[in-house]
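Results of the structural survey
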Amino acid sequence: MAFDIQKIRNDFPILKRQVNGYPLVYLDNAATSQKPQAVIDCIVDYYSHYNANIHRGVHTLSQEATDAYEEARKKIQKHFNIENAYEVIFTAGTTHGINLVASGFSEILRKADEVIVSALEHHSNIVPWQMLCEKTDAKLKVIPMNTDGTLDLSEYKKLLSEKTKLVFVNHISNALGTINPIEEIIEKAHAVGAAVLVDGAQSCSHIKPDLQELKVDFYVTSAHKMCGPTGVGMLYIKEEWGKKLPPYQGGGEMIKEVTFERTTYADLPHKFEAGTPNICGGIAFGAAIDYLNEVGYEEIQQHEDELLKYATKKLKEIELLTIYGDTPNKTSVISFNIEGIHPYDIGTIIDKLGIAVRTGHHCAQPIMDFYKIPGTVRASFAFYNTLEEVDALVNAVKKAKLMLT
């Protein structure tokens, strides 16, 4: 489709509502995106017409549900340019995928091994690795950050050694919007024999990663930040690692044969998909991918870049306002504070004017500690936002500042 912002906005029912008597200005897209009618209709259609469990049934509804679920897996495979559909593991979301990989490596890591994460990580890409290192006695090392919100790659090079077994980094920082140079990070990790997991939760609504080109070992993301439903996500696991890692959970579907003496496990992807999955969620994830590709990622990037540049310029005109992570290579996220005002107070006041933003440490407390602040106001834009909504945000922030100073 041609990029028609009004037509796109009409696809999202929630954008028509009011909050506190004002038109909703939804700028919390880094937390979760809104859902187009096509995805909502997909969910209703599943539960209305062919709700059934998958893979094990011979009846018509089960076969229809299985076909739709596996077709969604193929859509994900194609979208991310993954070599084999069985390398796509459906998960409950990004956090689930990270924990699945961490659990598997708990059987592989040894005391002398080292694990590297970055200073820009979400808590879900810190805590599982801390737990892993506590369990295995491996050592956790951190790529430091610079004041502009980028990673210090010169220090990263120094951290790498033959002891490095795993490197974990987000594609895009949820707190700052910084786009990390994951191509370089992956290449340098592989040079010392380390595997790499990339957290793509914040990237996949803005860009379209080519996982074969990246040569990454693991890549995780969530549907709900890609206009899909909550409670479902994707773990890409390179086939060689899928064979090495033990199952994350035991139960139905992930087995080949079970006796009381011994159990053998199914091949990928079922080895890591124990139990009844979020069937409707998986199918709707496929519908969301269809929608985003129909809009077009090039068009999405162009529009969001325009929003980011305009909002950055307007917010910088407000006296005493500081933007964190103010680097050219970023997506449409602006994290800011006004000197002398707590971010929570700003968020509370502008909510009264219909503006939805996120305040706090954004599950990235080490970043806030680096800047010596309690948190930030985070405005995160999506392709269905408008320049007029940016103006509404800026005017609301100005009003909040006037009231609080």
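One structure accompanies this document, and this report is about it. (Residues numbered from 1 in each chain as written. Predicted model: local features only at pLDDT ≥ 70, side-chain atom pairs only at ≥ 80, totals over all residues. Heavy atoms only, no water.)

**Looking at the overall build of the protein**
Our working definition: Under the scheme used here, helices are H or I runs from DSSP no shorter than 4 residues and strands are E runs no shorter than 2 residues, and both carry numbers assigned from the N terminus. In this treatment the radius of gyration is a C-alpha quantity, and the globule benchmark scales as 2.2 Å times the residue count to the 0.38 power. Accessibility here uses a 1.4 Å probe with only protein chains present; expressed as a share of the type maximum, an area under 20% marks a residue as buried, one over 50% as exposed, and anything in between as partly exposed. Throughout, a residue-residue contact means that at least one pair of heavy atoms, one from each residue, lies within 4.5 Å. To measure how exposed things are, a 1.4 Å probe is used in the Shrake-Rupley method; for residues, cover is taken only from the protein chains shown. All tallies of charge rest on Lys and Arg as positive and Asp and Glu as negative; His and the ends of each chain are not included. All charge positions are set by atom: Lys at NZ, Arg at CZ, Asp at CG, Glu at CD.
A tally of helices and strands in the protein yields 14 helices and 17 strands. Taken over C-alpha atoms, the radius of gyration comes to 22 Å for the protein, in line with the 22 Å a tight globule of 405 residues would show. The burial tally for the protein puts 56% of its 405 residues in the buried class. Long-range contacts, defined here as pairs at least 24 residues apart, represent 71% of the contacts in the protein between residues at least 6 apart. When the accessible surface of the protein is split by element, carbon and sulfur atoms take 51% of a total near 17500 Å². Measuring between centres, the 41 positive side-chain charges of the protein sit 3 Å from its 52 negative side-chain charges.

**Thoughts on the side chain of Asn29**
Using the following cut-off: Polar contacts, as used here, are pairs of N or O atoms within 3.5 Å; protein pairs need one atom able to donate a hydrogen and one able to accept it. Residues neighboring in sequence count only if both atoms are side-chain atoms.
Its location among the elements puts Asn29 in the loop between β3 (25-26) and α2 (37-49). At a separation of 2.4 Å, a polar atom in the side chain of Asn29 contacts the side chain of Tyr384.

**Focus: the sheet that holds strand β5 (residues 114-118)**
Cut-off, in case you're wondering: The pairing criterion for strands is at least two bridges between them, as found by DSSP. All axes here are fitted lines through C-alpha atoms, helices being fitted over the stretch that makes contact, and every angle between N-to-C directions spans 0 to 180 degrees.
Strand order in the open sheet made by the seven strands is β4-β10-β9-β8-β7-β5-β6, with mixed pairing throughout. At either end of the open sheet lies a strand with only one pairing partner, and these are β4 (88-91) and β6 (139-143). For this sheet, the mean angle separating the axes of adjacent strands, direction not counted, is 20°. Bridge count for strand β7 (residues 164-170) against strand β8 (residues 195-199) is five bridges, and the pairing is parallel. Bridging from a neighbouring strand, Leu166 pairs with Ala195 of β8. Against the sheet, helix α3 (residues 60-79) engages β4 and β10 (233-237), with an angle of about 120° to β4. Sitting on the sheet, helix α5 (residues 127-136) is in contact with β5, β6, β7 and β8, with an inclination near 150° to β6.

**As for the pairing of strand β14 (residues 333-338)**
Within β14, six of the six residues are buried, leaving the element largely enclosed by the surrounding structure. Across the two faces of β14 the burial is the same, with Val333, Ser335 and Asn337 and Ile334, Phe336 and Ile338 all buried. As paired elements, strand β13 (residues 321-324) and β14 share four bridges and run antiparallel to each other. From the neighbouring strand, Thr322 faces β14, where its bridge partner is Asn337. Judged from the four bridges that link them, β14 and strand β17 (residues 376-380) form a sheet pairing that is antiparallel. Residue pairing in the sheet places Val333 in a bridge with Ser380 of β17.

**Considerations on the sheet that holds strand β16 (residues 358-360)**
Ordered in space as β13-β14-β17-β16, the four strands form an open sheet in which the pairing is antiparallel. Edge positions in the sheet fall to β13 and β16, since each of these pairs with one other strand and no more. Each strand axis lies, on average, 30° off the axis of its neighbour in the sheet, ignoring direction. In this sheet, β17 lies alongside β16 in antiparallel orientation, the contact comprising three bridges. The residue bridging Thr359 from the neighbouring strand is Val377, located in β17.

**Things to note about the packing of helix α11 (residues 297-316) against helix α14 (residues 387-404)**
For the record, the criterion: By the definition adopted for this analysis, an angle is roughly parallel if under 35 degrees, roughly antiparallel if over 145, roughly perpendicular if from 65 to 115, and oblique otherwise. Two helices crossing with the near one rotated counterclockwise from the far one by less than a right angle form a left-handed crossing, whereas a clockwise rotation gives a right-handed crossing.
Running from N to C, α11 and α14 point in directions that differ by 25°, and their axes come no closer than 10 Å. It follows from the interaxial angle that α11 and α14 lie roughly parallel. Every pair of crossing elements has a handedness; the one defined by α11 and α14 is right-handed. Contacts between α11 and α14 involve Glu306, Leu307, Tyr310, Ala311, Lys314 and Leu315 on the former and, on the latter, Leu387, Val390, Asp391, Leu393 and Val394.

**Digging into the environment of Lys401**
In this fold, Lys401 is placed in helix α14. Take Lys401: its relative accessible area is 17%, and that puts it in the buried class. In this structure Lys401 touches Ile318, Glu319, Ile338 and Ile341, once residues within four positions along its chain are discounted.

**So, the pattern of salt bridges**
Going by this rule: Any Lys or Arg side-chain nitrogen found within 4 Å of a carboxyl oxygen on Asp or Glu counts as a salt bridge.
A complete count under the given rule lists 14 salt bridges for this structure. We note a salt bridge from Arg73 to Glu70, for which the minimum N-O separation is 2.8 Å. Remark: Glu70 and Arg73 occur in helix α3; sequence separation between them is three residues, near one turn of the helix. A relative accessible area of 2% places Arg73 in the buried class. Linking Lys141 and Glu114 is a salt bridge whose minimum nitrogen-to-oxygen distance equals 3.4 Å. Separated by 27 residues along the polypeptide, Lys141 in strand β6 and Glu114 in strand β5 bring together distant segments of the chain.

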